[in-house]
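Coordinate inspection notes
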Amino acid sequence: MIRKRSISVILPNYNGAYLLEKYLPFTLTAIQNAGVVYEVIVVDDASKDRSIHFLLTHYPEIILICNPQNKGFSHTCNTGIQAAKHELIFLLNTDVKLTPDYFEHQWRYFEREDTFGVMGRIIDMEGDHIQDAARTLAFNGFKIKTNRFFYSENPADFVPTAYLSGANALIDAKKLKAIDGFNELFSPFYGEDFEMGLRAWRLGWKCWYEHQSVCRHLISASTNRFKSTDWVKSIYYRNRFFVHAIHLDGFNLGCWYLQILLIDLLPQLITGKFWMLKSYIQLFRQQTTVKFSKKKLTILIEKHSCKKSITDVAAELNSIIKNIKIIYLK
């Protein structure tokens, strides 16, 4: 018989009172339906709206942790991760609406010792369009790509994914704490879940995707309150750069730097898209922190005696996928 495990739900919040009001009841219904011991932790990232008052008034049973200053998504999640007391940690965005049976199909993954975590299918708030599913890991030259979605309709399959979406990731708490959660270099947002997934795979752990676990997501609800579109894009590309700088080494790393200069940066500047230059500059300004992240990863790899490169991870994913009848999203 498959054993259910206790869960700590971590909800990072920034000015999301209206989202908590709308979607928190669905989270509570799903976790109560799971029939396990649980706790819900909301970590507020110095909100200026009525979030704290709303939670204290309507949900006094929820554990509320307040950042004194705005620290971004990674730090906020890490604060909740460190406070979590249960076997599994469920990282959930405030703009996500869980279905009542969300956890029903996820327990089996944690019967495997090498499971890091599992994510469910993310669809639009209205309709059934899939926003996020399992992701492949491939290369475009020396650039790491994860933009091809896939799934299996066979409920017995164990479908691997390159990483778990930070919007709905159920993760083994011991493993998550062992790798120190998200890398806060990626603050305020974007790319931290991708980088953490790569770390997990490189340590010999696996990330899974469960198509029967469904949640709905309000597109751009968490980032559309931040500055300009160009600023958001500069953060996105900066963080993609960080992922490569941390996980590539030697010849591959050198060739990647050359590739992004000639193929990414220069064409963008010619067409007047100067936000890319900001991403590139920030990459070099953060070299000390990037090198520290690489050193921490090296120590983790040595500790767990698992020396997998990104190429090895891609090969492992492909070897699992080839034995599954999968459907690729267009």
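Residues numbered from 1 in each chain as written. Predicted model: local features only at pLDDT ≥ 70, side-chain atom pairs only at ≥ 80, totals over all residues. Heavy atoms only, no water.

Taking an unreviewed UniProt entry as the reference, the chain is identified by name as Glycosyltransferase belonging to Mucilaginibacter arboris. Taken verbatim from the UniProt record of the chain, the Sequence similarities (unreviewed entry) comment is "Belongs to the glycosyltransferase 2 family." (UniProt positions renumbered as here; feature names shortened; annotations may be inferred.)

Now for the domain arrangement of the chain. Size of an interface: often given as the accessible area lost when the parts come together. Assigned domains of the chain: these are domain 1 (7–217) and domain 2 (229–304). Centre-to-centre, using C-alpha coordinates, domain 1 lies 25 Å away from domain 2. Facing 25 residues of domain 1, the contacting portion of domain 2 comprises 29 residues. Carbon and sulfur atoms supply 67% of the area buried between domain 1 and domain 2, which totals about 2400 Å² over both sides. Area buried by domain 1 at its contact with domain 2 is led by Phe142, Leu185 and Arg202, which between them contribute 31% of it. A salt bridge links Asp264 to Lys143, with the nearest nitrogen and oxygen atoms 3.2 Å apart. The tally of links from domain 1 across to domain 2 stands at 13 residue pairs in polar contact (both at pLDDT 80 or more). Of all elements in the fold, only strand 10 (143–145) and helix 5 (192–202) reach the threshold of two or more residues within the side of domain 1 that touches domain 2. (Domains from an automatic or database assignment. Contact = heavy atoms within 4.5 Å. Buried area = accessible area lost by both parts, 1.4 Å probe. Salt bridge = Lys/Arg side-chain N within 4 Å of Asp/Glu carboxyl O. Polar contact = N/O pair within 3.5 Å; in protein donor to acceptor, adjacent residues only side chain to side chain. Helix = DSSP H or I, 4+ residues; strand = E, 2+ residues; numbered from the N terminus.)

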